[in-house]
Amino acid sequence: MSKTYLERLGITPWCYKNKIETITAKPSVEQSLQSLRETVATCTACALHETRTQTVFGVGNEQAKLMIIGEAPGFYEDQRGEPFVGRAGQLLTAMLNAIHLTREEVYIANILKCRPPNNRDPQVNEVSTCTPYLHQQITWIKPKLLLAVGRIAAHHLLQTKLSLERLRNTVHAYVPTGTPLFVTYHPAYLLRSPVDKNKAYSDLRFIQTLL
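Residues numbered from 1 in each chain as written. Predicted model: local features only at pLDDT ≥ 70, side-chain atom pairs only at ≥ 80, totals over all residues. Heavy atoms only, no water.

Asks: Lay out the environment of V56 with the relevant residues and their values.
Replies: As for its placement among the helices and strands, V56 is situated in the loop between helix 3 (29–41) and strand 1 (59–60). Using a relative accessible area of 1% as the deciding quantity, one classes V56 as buried. (Helix = DSSP H or I, 4+ residues; strand = E, 2+ residues; numbered from the N terminus. Buried < 20%, exposed > 50% of the residue type's maximum accessible area, 1.4 Å probe, protein only.)

In structure tokens form, the structure reads like this:
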């Protein structure tokens, strides 16, 4: 029967709704990360919010193949709200350049989003409170490879106490997402112990082949 004939009989025609109208668009990675950034900025879940200048969420390419993860912001990061911006950050940039990458091509974040007082090591309760934020970042960005810089970041991401030397030269996995994870020296350590820069460069060359 035609639609007009049904209407004359007092019958409301039934038809499929336009699928485009009934499907709610999923937020983009950019929108999801921005929403999470705003949540982190007002987080008071642990005592670090009492001493921070601002939170340090993360920066870089939101479709990055490589995601670099440190332990926590330092003084300069706390001031600028961006990870790895002090001397260690400058060295990290140089390390990336050595394998033909720029900061804009990777994504850089920390386990903690607030600076611990006097740059002390993160405490267990702080890590457990903040890790879900990092997990969301990894889930949405979907990097092909995670690079943990430094012993502390590696320990928390891999849930291990093995030494950094034993963790190097092996492709591990970040269990929650199954993302391959590699471990190398923290740039701040290399500033104190430049003798290990050759080892770090070797790590970077291997990362280049993985990517």
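Asks: Lay out the pattern of salt bridges with the relevant residues and their values.
Replies: Counted according to the given criterion, the structure contains six salt bridges. R168 is paired through a salt bridge with D203; the nearest N and O atoms lie 2.9 Å apart. Taken together, the residues span a long stretch of sequence, with R168 in the loop between helix 8 (164–167) and strand 5 (172–174) and D203 in helix 10 (residues 197–210) at a distance of 35 residues. Each of R80, E82 and R103 takes part in a single network of salt bridges with overlapping partners. (Salt bridge = Lys/Arg side-chain N within 4 Å of Asp/Glu carboxyl O.)

Asks: Can you tell me about the layout of surface pockets, naming the residues and giving the values?
Replies: Roughly 710 Å³ of volume is contained in the largest pocket. Lining the largest pocket we find 27 residues, and of these E71, H186, A188, Y189 and R192 sit closest to its centre. Contributing elements (two or more residues each) for the lining of the largest pocket: helix 4 (75–80), helix 5 (87–98), helix 7 (151–158) and helix 9 (187–192). Residues of the lining of the largest pocket, tallied by class, amount to 13 nonpolar, seven polar and seven charged. (1 Å grid on protein atoms, 1.4 Å probe; cavity = no way out; pocket = protein on both sides within 12 Å on 5 of 7 lines; lining within 4 Å. Points joined across faces, edges and corners; volume = space filled by probe spheres on them. Nonpolar A, V, L, I, M, F, W, Y, C, P; charged D, E, K, R; others polar.)

Asks: Just give me the short version of the packing of aromatic side chains, but keep the residues and values in it.
Replies: A complete count under the given rule lists three aromatic pairs for this structure. Pairing F182 with F206 gives two aromatic rings, centres 5.2 Å apart and planes at 40 degrees, and the pair type is tilted. Here F182 is found in strand 6 (residues 179–184), whereas its partner F206 is found in helix 10, with 24 residues between them in sequence. Ring centres of Y185 and Y189 lie 5.3 Å apart, and the angle between their planes is 15 degrees; this geometry places the pair in the stacked category. A relative accessible area of 3% places Y185 in the buried class. A relative accessible area of 28% means that Y189 is categorised as partly exposed. (Phe/Tyr/Trp six-rings, centres within 6.5 Å; stacked < 30°, edge-to-face > 60°.)

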